[in-house]
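Geometric and topological summary
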Amino acid sequence: MTWDEMQPLLQDATVETLQMVGIATLVTLLVGLPLGVLLVLTDKGGLLQNRPVNKVVGAIVNVGRSLPFVILLVALIPFTRWVVGTSIGWQAATVPLAIGAIPFYARLVETAVRGVDGGLVEAVHAMGGSTWAVVRKVLLPESLPALLSALTTTVIALIGYSATAGTVGGGGLGNLAITYGYMRFETGFMVVIVIELVLLVTLLQLVGDFLSKRLDHS
Amino acid sequence: MITTKDLTKVYTSRGGRTTALRGVDLHVREGEVYGVVGTSGAGKSTLIRCVNMLERPSSGTVTVDGVELTALPGTEQRAGRELRAARQRIGMVFQHFNLLASRTVQQNVELPLEIRGLDRTARRRRAGELLELVGLADKAQSYPKQLSGGQKQRVGIARALAGDPRVLLSDEATSALDPQTTRSILQLLRRLNQELGLTVLLITHEMDVIKSVCDSAALMREGRIVEAGPLTELIATDGSALARELFPLSEFGAGHGGSTVVEVTFQGDSSGRPFISQLARTYQIDLNILGAAVETIGGRQVGRMRVELPGSHQDNVVPIGYLREQGLQVDVLTENGTLA
Ligand SMILES: Nc1ncnc2c1ncn2[C@@H]1O[C@H](COP(=O)(O)OP(=O)(O)OP(=O)(O)O)[C@@H](O)[C@H]1O
Ligand SMILES: [Mg+2]
């Protein structure tokens, strides 16, 4: 294959990968962040201590994290079909991607939020703040650099997952690698795709680290 | 201003039960600086944390500025609305400052105002005034990590004052600071106490802190207050452990065998009178002065002198009585220098 043949294919696949990872990241953030905070708050000695809720959420998160992604991908097919109306293409891949990344990110959020100094929580209590004030004014802003690092890690994991999803009809760069690089023995194309993935991951890590450092005033 | 009645606190943890407070009656008057001292583990932090209910007492009542906080609903983790409103009128400063690293100095001071729901312009104006008051107006846009310990504590104080509190609680606010910075923070607290009429309850393990800023003090031991009162009264109390610690003379000589050693404490108007020479003249005694010191405690001049009188205690009943008649406080020591 010549570069001119590869280029349009690469371009489309890259856009697909970015779309599915982008949407999955957004959903992961919207669900995983509150879930991680909830895990901290409902824990023993937490501000909203609640054993049953903590145990149930913790168990769901653990199950989600221990399932291999390929299994999740297949097991979720009926659910995916129900949500997006199809089980193939990049749109369909966003569903298992998000479901797989939510528990992963939630645990990272939990660790980040636990890292916030309890003295700050106490200070807000002493000035008459509510639990909501503690979450909004202390727990989230103070752990922001760590939350951002965790998100970078999650997005990079999502790019890996998206390649897996691609191999079973999920579209994107993974799909391209399988259909051309593997099934049609286009080794050169495979190498190009791998290089692109490496560059993508490196770039994300650099940007993530930079932003995280910029936000860190401690 | 702050009253606790028969306050007890029992911590239950996996390791067992710890009784931190065993019936504490604290009474802090409006407008005074009240210090609590005691050895480590005596329950000082527990007591001050019970005052704004960061710690729920096991029994007893806490009343601050006329509001009985123990009667307000809520749990330790989650305070009810009334308790939160009451806390907005009670400032607190912490040993380790507890400033938010993610916020600038100004934003830190604005935090309690955000919680109270003030709008942006009002917050900014108030924060500016407070930073001016604590002498940090030029650091408004800095982050806490760019400040020294003393500056951080000034921010902590400005933040504690944001809600116009009537009461300021301070748990070892100067313990992480060097002596010179400690002095400047204490001066600031004293100034706020005088200018704003702020009632201050502070915890410390340094007698110097009590001596330099407090009007009253309490000594805690094993969950109880064993001595309390205005410093000037404590100094005048025979055998007061606090007075002895506030004003130690132990480094002075203990005299010889066969004599009686007394410590004479005098304050205010009696410090101007020549009672020693009067004593020597009246009773024809050869006095030996072992040591003396004069200090300012609670804003008053207090002096103490250790004097050796010839003969046994029995022989000296009359001269000692004479000194007591002069309105002086006389503690009789044994030959080895401890209290008789
Ligand atoms: N959260 C807690 N759980 C269990 N026990 C506690 C807790 N907080 C304090 N204690 C215990 O209560 C007692 C009093 O502690 P407190 O912190 O009030 O002492 P303190 O006078 O402030 O001491 P220090 O001068 O060291 O600060 C101690 O025996 C301590 O171990
Ligand atoms: Mg303490």
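Bear in mind the structure is a predicted one, so any value in this text is a computation, not a measurement.

Moving on: a nonpolar patch on the surface. The grouping of Ile23(A), Leu26(A), Val27(A), Leu30(A) and Val31(A) at the surface amounts to a nonpolar patch, some 440 Å² of accessible area in total. Residue placement: Leu30(A) occurs in helix H1 (residues 3–42).

Moving on, we come to the site of ligand 1. All names here are of chain B. Near ligand 1 you find Tyr11, Thr18, Ala20, Thr39, Ser40, Gly41, Ala42, Gly43, Lys44, Ser45, Thr46 and Glu172, and these make up its full shell. A distance of 3.4 Å separates a nitrogen atom of ligand 1 from a polar atom in the side chain of tyrosine 11. One nitrogen or oxygen atom from the side chain of threonine 46 is found 2.5 Å from an oxygen atom belonging to ligand 1. Secondary-structure elements contributing two or more residues to the shell around ligand 1 are strand E2 (16–28) and helix H1 (44–51). Across the shell around ligand 1, the residue classes break down as three nonpolar, seven polar and two charged.

Owing to its 3.6 residues per turn, the α-helix brings residues three or four apart onto one side. Residues and elements named next belong to chain A. Relative to the 58 Å expected for 40 residues at 1.5 Å per residue, helix H7 (residues 131–170) spans just 42 Å between its end C-alpha atoms, considerably shorter than the ideal helical length. Maximum bend of H7: about 65°, positioned at leucine 144, with proline proline 145 one to four residues after it. One or two steps after H7, the chain reaches glycine 171, where phi turns positive at roughly 80°.

Turning our eyes to something else, we now look at the interface of chain A and chain B. Of the residues lining the interface, 26 residues belong to chain A; the matching set on chain B comes to 25 residues. A combined buried area of about 2200 Å² lies between chain A and chain B, and 58% of that area is made up of carbon and sulfur atoms. It is Met127(A), Lys137(A) and His217(A) that lose the most area in chain A upon contact with chain B, and together they represent 30% of the buried surface on that side. In this structure, the connection of chain A to chain B is made through two salt bridges. Linking chain A with chain B are seven residue pairs in polar contact (both at pLDDT 80 or more). Listing elements by their share of the side of chain A that touches chain B, those giving two or more residues are helix H6 (118–126) and H7 of chain A. Per-element tally for the side of chain A that touches chain B: the top contributor is H6(A), with seven residues. Broken down by class, the residue content of the side of chain A that touches chain B amounts to ten nonpolar, ten polar and six charged.

According to UniProt, the "domain: ABC transporter" (unreviewed entry) feature falls on residues 2–247 of chain B. Secondary structure across residues 2–247 of chain B divides into 37% helix and 27% strand, with the first and last C-alpha atoms of the span separated by 27 Å.

Of all hydrophobic cores here, the largest spans 48 residues; its most connected members are Leu131(B), Ile157(B) and Leu246(B). Inspection of this core shows a minimum of three residues originating in each of domain 1 (2–235) and domain 2 (247–333) of chain B. Counting residues in each nonpolar core, the second largest holds 41 residues, with Val37(A), Leu47(A), Ala133(A) and Leu151(A) among its members.

Here we come to the pairing of strand E6 (residues 90–93) of chain B. All names here are of chain B. Side chains Ile90 and Met92 of E6 all project onto a buried face; the interleaved residues Gly91 and Val93 project onto the opposite face, where all are buried too. Here four bridges tie E6 to strand E7 (residues 167–171), and the two strands are oriented parallel to one another. Bridging from a neighbouring strand, valine 93 pairs with serine 170 of E7.

Here we take up a positive patch on the surface. A surface patch of positive charge is lined by Lys44(A), Arg51(A), Lys55(A) and Arg14(B). Of note, Arg14(B) is situated in the loop between strand E1 (2–13) and E2.

This next bit is on the side chain of Ser240(B). All names here are of chain B. Looking at the secondary structure, you find serine 240 in the loop between helix H8 (231–235) and helix H9 (241–246). On the accessibility criterion, serine 240 (5% relative accessible area) is buried. A distance of 2.7 Å separates polar atoms of two side chains, one belonging to serine 240 and the other to glutamate 227. There is a polar contact of 3.4 Å between the side chain of serine 240 and the backbone nitrogen of leucine 242.

Parameters and conventions
- Residues numbered from 1 in each chain as written.
- Chains lettered and ligands numbered in written order.
- Predicted model: local features only at pLDDT ≥ 70, side-chain atom pairs only at ≥ 80, totals over all residues.
- Heavy atoms only, no water.
- Patch = residues over 30% accessible without salt bridge, like charges linked within 9 Å, V, L, I, M, F, W, Y side chains within 5 Å.
- Areas by Shrake-Rupley, 256 points an atom, 1.4 Å probe, with all protein chains shown as cover.
- Salt bridge = Lys/Arg side-chain N within 4 Å of Asp/Glu carboxyl O.
- Helix = DSSP H or I, 4+ residues; strand = E, 2+ residues; numbered from the N terminus.
- Near = heavy atom within 4 Å.
- Polar contact = N/O pair within 3.5 Å; in protein donor to acceptor, adjacent residues only side chain to side chain.
- Nonpolar A, V, L, I, M, F, W, Y, C, P; charged D, E, K, R; others polar.
- Expected span 1.5 Å × (residues − 1).
- Bend = angle between axes of the 7 residues up to and from the residue.
- Contact = heavy atoms within 4.5 Å.
- Buried area = accessible area lost by both parts, 1.4 Å probe.
- UniProt positions renumbered as here; feature names shortened; annotations may be inferred.
- Core = buried A, V, L, I, M, F, W, Y, C linked by side-chain atoms within 4.5 Å.
- Buried < 20%, exposed > 50% of the residue type's maximum accessible area, 1.4 Å probe, protein only.
- Domains from an automatic or database assignment.
- Pairing = 2+ DSSP bridges.
- Lys, Arg positive; Asp, Glu negative; His and termini not counted.
- Charge placed at Lys NZ, Arg CZ, Asp CG, Glu CD.

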